[in-house]
Structure formats: structure tokens, C-alpha cells
Amino acid sequence: MVNLTETERITLETIKKIVQKDIRPMAGPLDEKGEFPWHAHKVFSEVGLMATLIPEEYGGMGLRYLVFSMILEEISKVCASSALLLIAQADGTLPILYRGSEDQKKTFLPELAKGAIGAFAATEPSAGSDILSMRTRATYSEGLYVINGQKCFITNGSVADLICLFAYTDPEKRAKGISAFVVEKGTPGLSYGKNENKMGMKGSVNSELFFDNMRIPESHRIGEENEGFSLMMKTLDSSRLFCASQAVGIAQGAIDEALSYSRQRVQFGKPIAHIQAIQFMFADMVAATEAARLLTYQAAANIDKGRTALISKYCAMAKFLASDTAMKVTTDAVQIMGGYGYMKDFPVERMMRDAKLTQIYTGTNQIMRVVAGREIVRGG
Amino acid sequence: MQGLKTPQIMILESVRRLARERLMPLSRELDLKGEFSWEVVELFGEMGLLQIFLPPEFGGLEEDKCLMFSLIVEEVAKACASSALLIIIQAVGSYPIVESGSQELQERVFPRLASGKELIAYLVTEPDAGSDVASISTKAIKKGEYYLIQGRKCFGTNAGVANLSSVLTKTAPSEYTFFLVEMNSKGVILGKVEDKLGFRGSNTQEVFFEEVLVHERDIIGKKGEGFLLAMKDFDMSRPGIAALALGIAEAAIEYALEYATKRVTFGQPLIKHQAISFMIADAWTLIEAGRGLMSKAARLWDQGIRNTKYASMAKCFCSDAAMKITTDAVQILGGYGYCKDYPVERMFRDAKLTQIFEGANQIQRIIIQRELLRERNINLD
């Protein structure tokens, strides 16, 4: 299924080592403290992971989506929050990459590649799944846009150096009236509300953003005016692939933990791994995770090969299948580890909390089924 | 619930009011701080909720004890699962004494439990003996008319806050015996307090017994009766765990239902979308089915009829349902459901424990099949 080049294989091997050395030991403390993963940001910046998808000419790694997916999976096996940092980074980067002018690319992409933090800001208090209900408004006057409104749950929001912001430039026109902008940290009129206190994915910052007469030069608009919605959707397709990879990684990480526990834990005179009920759980967990992984790789390959008609459907299917799998697998991993699994001394309870978010963010699994179902019924 | 008498309905009504007015406002804080609440102990003690299984002269209920116990737990769990667990553990800890304690022991202990101010823990689980209870290694060694208890118990609910405990020990290689142990005895040493995913308002603590001296009068029931008593205890407690799971599930889906009637997406309330309303329909179907199993298991116990199979079915079914329902409730609330400003993420975390404790659900399935064979007089061992 997966054919990697020698370079890609070496990249993945290197990242596996970094993950074991720098990310794994910090995953527990990071969850406990509930902070932005600065340690991960540092090491990711050093090895270029903040710019996996940015072409080499702009200072990035220029990786295939498939390889980036595999990297996210590797990181998520031990720390989903650290992977989320890279996902939000990609979400903030891709709109510039997809539709940015040459000038914008030359200005912003090398910065992001050096470790500037990106974010993607679309969600609002009354516009989650129903994104067209957003109210943030950008009004044009004399070479700049004045933006008023608020966003919420924005990953990397309060730490981001560059925010890709979506706002209505023509609310009457709904989907045909949204535009995208690059907002730099420190822009007057930009302020931060609270960072959410979440159940899981605690090593990730989710912030409220407020815009009060925030002035953005026209040169910071990404793509044409009123064409932001299709850019948002295109970016979200990719984001869903990344979320799927993260979910596969969480599931695999939980399987690895439960497996090593159950080989050692003796009850009724033998390791519980040798008890049929437990083996069947593992069989189901691994089969489901493998299926989700393969579908995720297929979705990645569709983007890499430019099979545009298939991208939305496959990314949506991979996202809900992988995240539903991660939820079930992590719940079962805690079950296999019993009372110990329920305690914070072992990582599976964190994985279970983290898994729940993958069913929700970047389009709930209900929205994923809307997207996939519509494509399927249409005959796609 | 059908077939309840007026006084029983009144008890449940006042429990419901207590849960709504006193526990609901506390539950979030108990979870966030991870603190045990003596205020809740006091409230329950005064209302008689810690005394349900004691003889009536000590504040216990006259009849339908297991059913009322379960229904009370369900009501409390809707507001605060950690508080509901307090009621269950008090019942579980005192049950060996109620069932089999000598007259002397009962006279010594019942007045203290009747006060509603003292807690009793139930210490059976050990690091190497969870599902496999028979593997415990805590020993009680006879010295004249005394015994010396040596060993280590873990995951002891209320261990750090109880004055009394029922401790399962081995008195011979295959002989299990319960002892009543005063927690302030010399040699009882409290270990670490567990940092748990959920039930954070409940105390779970490790206990070391280092040559703890107890008298043979402190044996609960007969020497060697311990394993049987532990199993009988489960017949009483598992309908309660089922009720605990149901209470959590009901509260979560009720919250989600109300949210779904107010949250507007795509121009209409969330609940008008089939994808959401079907989730809610499935949740209530599971809850109603679970309540049937739970009440059947409890009523059989009250009638003195062997309920082992139904108790296990109820525990397993209701806790699996609670896990699914709370997962869906968080889903319905979306990003908000994932944040601590809303109660459903706590319910999700709490639900997971109900699949694990009082016998992991895998053990329940073993028991169910064993009972199925027993009913058919099939012996394959």
C-alpha cells in the first residue's frame, strides 16, 4: 500500500527517534499542566516539522500529505496534543499555500517554516458545524479591511504569530460572501479571551479571539474577495485527513500500552493477554485501527495524486471512521487495564480523553457523514 | 417506577430534591478540586441514606431495601456520581456485618453506622488481585485469640476517610475471612490517594496493614466464609452500580436533549436533525431497557431469590449503555461538551468507571454464562 522513497523513510525514522526521546517523556506532564507544548514546538522547529507541507523553495520540507499523515500518526501514538500543534500549524499555513499571492507566500511561508506559529480561525460561538452562521465582519474601505467579531475554540489561537481568519465581506451572499485574511500577532484590535479548560488534548491551547475595529491591509487578504468559503472547505478537507491520522495514532498508542500491560498482568494464573475475551478485544481493536489507517492513507493519496473529485469524501470518511475507532479502542484499552487504566499513572485514560476530541473537531462526525453521504448519493 | 408505595415515592422525591438543590451545585467543584466532601456525608447521614441496609431500629429501611437503594443511587447519581458512590460503598462495606456478623459485632458496629457520621470501607482489591479476587495475599495469622493482619490493599474507596473497614484476608491457603478493622489501629498505614480519570469527588486510596492486631471477635461471620460473603455482597451492590450508571447516563442525555432543543444549526434546533434525534432516541431506549434489568435484579434480591445472573446483566448492560450514552452526549454538545464549563464531559469520565469496578464487565459476562449453565444443571468443570 505504502511506497516510501528512501528519503521519506529516513525522515520517518528520524522523527520516530525524536518522538521517543523528546515527546514521549513529556506527554504526561504536559497533560497535567495543560499548557502549550513549547518543548514540542522547539524540537519541531529545529527539524523542520513546522513546515512539512511547505515547498522547499519557501523553506519547508515539501513532504507528501501521506508522509505528513504518517508523521502525525507517529507523534499521536505518544502525545496527541503535540500532533495537534502541527495540525493547527498546517491549517493556518495551507490557505496561504493554496491561494496566497506570490508575495504572501514569500513573506509568510518562510516565517512559518522557521517556527512561527500558525492558526486557523473560523469557528464562532454560534457557528460551529453551521459555519455560515458566523458573524465576524470585514468591511472594506480605502485599501484596508476593518474587522469586527469574535472566534472561539481556536487551536494555537493565543500563541499564534499568524492567524488565517475567515470573515464575511458580504453577509447577504452567505457562502459567496466570505473572505480569508492573514492576521499578524500584535495587530491593534486583536485581543484574546480565555483559553478553554478542556477534558483532554490539554497540551494544546484553544482560545477565544476578539476583533475590535482591527485593520488589515488589503494585501493580507488571501485569494479573491468573497472566495474564502471554498478555500476554507479545501483546507478543512486536509485538516480532516490530519485529524484521521491523529486518531489512528491515538488508537495505536492505546493498543501498544494495553498490549504490553496485558502480557505482564497475571490474573487467574496467566497473563490476561492469554484470556480469550481479552484477545478478541485486541483482535477487534487492531482490525479496526488497520482499516482506519488504510482508509486514511487512501485519503492522503487522493490529495497527493490530485484526485479532486474524491478528496472531500475520502477525507470525511477517514476522519469519522478513524476517530470513532479511536474512541472505541481507547475505551477498551482502559477496560483491559481495569482499575489501573482509570488512573493517571498510566497513559490510556489520557488517550481516551484525547480521542473524544477527534470525533468533534474540524467538523463533527455528524458533519463528516453529511459530507460523505452527500457525495455518495450524488454518485461520487 | 411502578409498584412503589406512597412512603417510598416520598423518600425518592426528597432524595431528588436533595440532589437537585444541594448536590448539583457541589458536583462541579468536587470534580475540579478532586476533593472528598464531608458536607455530603452529613447530608446523607441525616437523611438515612448511609443506613439503608441496617435493621430498621438502626435507621434501615423496612422493605424493598435493594430496590430503594438502587433508585436512591440513581437519583443521586443524576446530580453527582461521586456522592452516589458514597451510598454504595457504605452499603457494600457494612453488608458482610449485616448479613453474617455475630450479635456482639453487630451491637458494637450498628449504633456507630446508625449515627450516619462514620464511614466503613470495603477492602478486598489488591495490586495483584482485581478481577481475580482469590489471588489476594493479605494474610491474617492467628496468635492465640488474636490475629495479625499483614498485607496491602489498593483502590480502596473511602479508605482514607472511613473509621471502619471490612477487610478480606486469607486465614489459610484457600480460606478467606473478613475482619472488621478500626482504621485508627496501630499498623494501618494509608498509602497514596489515586489520581483518577473520573469520580474525582470520591476518595480512592491504598492501605498497608503492618501487623495489625485484631481480635477473633472481629471476624465477620465465620472463619472461611469471606469469599462467599464477598460474592453475596455483589448480588446486592451490582443493581446499585447499574443504577449509578443509569443516573449518569440519564443526566447526560437529559442535558444533551435540552441543549439540542435550544442550539440552532442550519436554521433549526439541533434536535430537528435526524442524526441528533436518533442518538437521543437510542439513548433513552437503552436507559429504559437498563432500568428494567436493574429493577428486576433488585426486586429479586428483595424477595430473597437468587439474583446473581440479573445483577451481572444489569451491571454490565447499564454501564456499557452509560459509556455509549455519555460519549454521545458530549458529541451532541460538540466543542462545548468537551469543555469543563458543561457537565457532560465529567459524566463521560465518570461513566467509564462503572464498566470497571464491582467486577469488570468481562467478569460479569463470565458470571452470566456460569449462571446459565448452573440453571441448566450443566457442569463442565
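Reading guide: rules and limits
- Residues numbered from 1 in each chain as written.
- Chains lettered and ligands numbered in written order.
- Predicted model: local features only at pLDDT ≥ 70, side-chain atom pairs only at ≥ 80, totals over all residues.
- Heavy atoms only, no water.
- Helix = DSSP H or I, 4+ residues; strand = E, 2+ residues; numbered from the N terminus.
- Buried < 20%, exposed > 50% of the residue type's maximum accessible area, 1.4 Å probe, protein only.
- Contact = heavy atoms within 4.5 Å.
- Areas by Shrake-Rupley, 256 points an atom, 1.4 Å probe, with all protein chains shown as cover.
- Lys, Arg positive; Asp, Glu negative; His and termini not counted.
- Charge placed at Lys NZ, Arg CZ, Asp CG, Glu CD.
- Axes fitted to C-alpha atoms, helices over the stretch in contact; angles between N-to-C directions.
- Nonpolar A, V, L, I, M, F, W, Y, C, P; charged D, E, K, R; others polar.
- Domains from an automatic or database assignment.
- Buried area = accessible area lost by both parts, 1.4 Å probe.
- Salt bridge = Lys/Arg side-chain N within 4 Å of Asp/Glu carboxyl O.
- Polar contact = N/O pair within 3.5 Å; in protein donor to acceptor, adjacent residues only side chain to side chain.
- Parallel < 35°, antiparallel > 145°, perpendicular 65-115°, else oblique.
- Left-handed = near helix turned anticlockwise from the far one by under 90°.
- Pairing = 2+ DSSP bridges.
- Core = buried A, V, L, I, M, F, W, Y, C linked by side-chain atoms within 4.5 Å.

**Q** Tell me about the overall build of chain B, residues and numbers included.
**A** Helices and strands together make up the secondary structure of chain B, namely 10 helices and 10 strands. Viewed in the frame of its principal axes, chain B has a C-alpha envelope of about 80 × 50 × 45 Å. With 381 residues in all, chain B has 60% of them scored as buried. Pairs at least 24 residues apart make up 73% of the contacts formed inside chain B by residues separated by at least 6 positions. Total accessible area on chain B stands at roughly 15,200 Å², and carbon and sulfur atoms take up 53% of it. Side-chain charges in chain B split into 45 positive and 49 negative, and the spacing between the mean points of these groups amounts to 3 Å.

**Q** Give me the packing of helix α3 (residues 65-78) of chain A against helix α7 (residues 276-304) of chain A: which residues, what numbers.
**A** Residues and elements named next belong to chain A. Two elements in contact, α3 and α7, have axes separated by 8 Å at closest approach and are oriented at 145 degrees. On α7, the residues touching Tyr 65, Leu 66, Ser 69, Met 70 and Glu 73 of α3 are Arg 293, Tyr 297, Ala 300, Ile 303 and Asp 304. When grouped by side-chain class, the residues that make up the contact of α3 with α7 number six nonpolar, one polar and three charged.

**Q** Describe in detail the environment of Met 214 of chain A, supporting the description with residues and values.
**A** Residues and elements named next belong to chain A. One can find Met 214 in strand β7 (residues 206-217). Judged by its relative accessible area of 0%, Met 214 is buried. Counting along the chain gives 66 residues from Met 214 to Asn 148, while the straight-line C-alpha distance between them is 6.6 Å. Residue contacts for Met 214: discarding those within four places in its chain leaves Tyr 145, Val 146, Ile 147, Leu 165, Val 183, Thr 187, Pro 188, Gly 189 and Leu 190.

**Q** Can you tell me about the domain arrangement of chain A, naming the residues and giving the values?
**A** All names here are of chain A. By domain assignment, chain A separates into domain 1 (6-113), domain 2 (118-228) and domain 3 (230-378). A C-alpha centroid distance of 30 Å is found between domain 2 and domain 3. Domain 2 puts 14 residues into the contact, and the matching count from domain 3 is 14 residues. A per-residue breakdown of the area domain 2 buries against domain 3 is headed by Phe 120, Met 199 and Met 201, which together make up 47% of the total. Applying the counting rule to domain 2 against domain 3 returns zero salt bridges. Remark: the boundary between domain 2 and domain 3 carries six residue pairs in polar contact (both at pLDDT 80 or more). Class assignment of the residues belonging to the side of domain 2 that touches domain 3 gives a composition of nine nonpolar, three polar and two charged.

**Q** Give me the lowdown on unusual backbone geometry, citing residues and values where you can.
**A** In this structure, Thr 362 of chain A is a non-glycine residue whose phi angle is positive, near 50 degrees. Here Thr 362 of chain A is to be found in the loop between α9 (348-358) and α10 (365-378). Phi angles above zero are rare outside glycine, and Asp 64 of chain B is one such case at about 50 degrees. With respect to the secondary-structure elements, Asp 64 of chain B resides in the loop between α2 (38-47) and α3 (65-79).

**Q** Please provide a residue-by-residue account of the pattern of salt bridges, values included.
**A** Overall, the coordinates contain 52 salt bridges over all chains when judged by the stated rule. Residue Lys 194 of chain A is joined to Glu 196 of chain A by a salt bridge in which the shortest nitrogen-to-oxygen separation is 3.7 Å. The exposure class assigned to Lys 194 of chain A is partly exposed, which follows from its relative accessible area of 39%. When the shortest N-O distance is used, the salt bridge between Glu 29 of chain B and Lys 33 of chain B registers 2.8 Å. With Glu 29 of chain B and Lys 33 of chain B both in helix α1 (residues 6-33), this residue pair falls four residues apart, about one helical turn. Overall, Lys 33 of chain B belongs to the partly exposed group, its relative accessible area being 49%. Through salt bridges that share partners, Glu 13, Arg 16, Glu 75, Lys 78 and Glu 250 of chain B make up one connected network.

**Q** Let's hear about α2 of chain B: which residues, and what values?
**A** Residues and elements named next belong to chain B. Those residues of α2 lying buried are Val 40, Val 41, Leu 43, Phe 44 and Gly 45. Tucked into the core, α2 has its buried residues touching α1, α3 and α4 (81-100). The N-terminus of α2 is capped by Ser 37, whose side-chain oxygen sits 3.3 Å from the backbone nitrogen of Glu 39. Positioned one or two residues after α2, Gly 48 has a phi angle of 85 degrees, which is positive.

**Q** Explain the side chain of Glu 208 of chain A to me, and be specific about the residues and the numbers.
**A** Residue and element names in this part refer to chain A. Note on placement: Glu 208 falls in strand β7. Buried Glu 208, no salt bridge; nearest opposite-charge side chain is Lys 194, N-O distance 5.4 Å. Excluding anything up to four places from it in sequence, Glu 208 contacts Lys 151, Cys 152, Ser 191, Tyr 192, Gly 193, Lys 194 and Glu 196.

**Q** Tell me about the packing of helix α6 (residues 226-262) of chain B against helix α7 (residues 274-302) of chain B, residues and numbers included.
**A** All names here are of chain B. It is at 9 Å that the axes of α6 and α7 come closest, and there the two elements cross at 160 degrees. Judged by the angle between their axes, α6 and α7 are roughly antiparallel. Here α6 and α7 pass one another in a crossing that is left-handed. Of the residues in α7, those in contact with Asp 235, Met 236, Pro 239, Ala 242, Ala 243, Leu 246, Ala 249, Glu 250, Ile 253, Glu 254, Leu 257 and Ala 260 of α6 are Ile 276, Ile 280, Ala 283, Trp 284, Ile 287, Gly 290, Arg 291, Met 294, Ala 297, Ala 298 and Trp 301.

**Q** So what's going on with the pairing of strand β4 (residues 164-172) of chain B? Residues and values would help.
**A** All names here are of chain B. When you tally the buried positions in β4, you get seven out of nine residues, the bulk of the element. Across four bridges, the pairing between strand β1 (residues 120-123) and β4 is parallel. Paired with Ile 120 across the strands is Leu 164, a residue of β4. With eight bridges joining them, β4 and strand β5 (residues 175-182) adopt antiparallel strand pairing. From the neighbouring strand, Leu 168 faces β5, where its bridge partner is Phe 178. Remark: two residues form the turn of the hairpin made by β4 and β5, two consecutive strands paired antiparallel.

**Q** How would you sum up the interface of chain A and chain B? Please name residues and give values.
**A** Facing 45 residues of chain A, the contacting portion of chain B comprises 48 residues. Of the roughly 3,700 Å² buried between chain A and chain B on both sides combined, carbon and sulfur atoms contribute 61%. Taken as a group, Met 199, Gln 335 and Tyr 342 of chain A account for 21% of the area that chain A buries against chain B, more than any other trio of residues on that side. Put simply, chain A and chain B have two salt bridges between them. With a shortest N-O distance of 2.7 Å, Lys 194 of chain A and Asp 341 of chain B are connected by a salt bridge.

**Q** A description of the nonpolar core should follow, citing residues and the corresponding values.
**A** In terms of nonpolar packing, the biggest core is built from 265 residues, with Phe 44 and Phe 242 of chain A together with Leu 23, Phe 44 and Leu 244 of chain B touching the most fellow members. In this structure Phe 44 of chain B touches Leu 18, Leu 23, Leu 49, Leu 50, Gln 51, Val 76, Ser 83, Leu 86 and Ile 87 of chain B, once residues within four positions along its chain are discounted.

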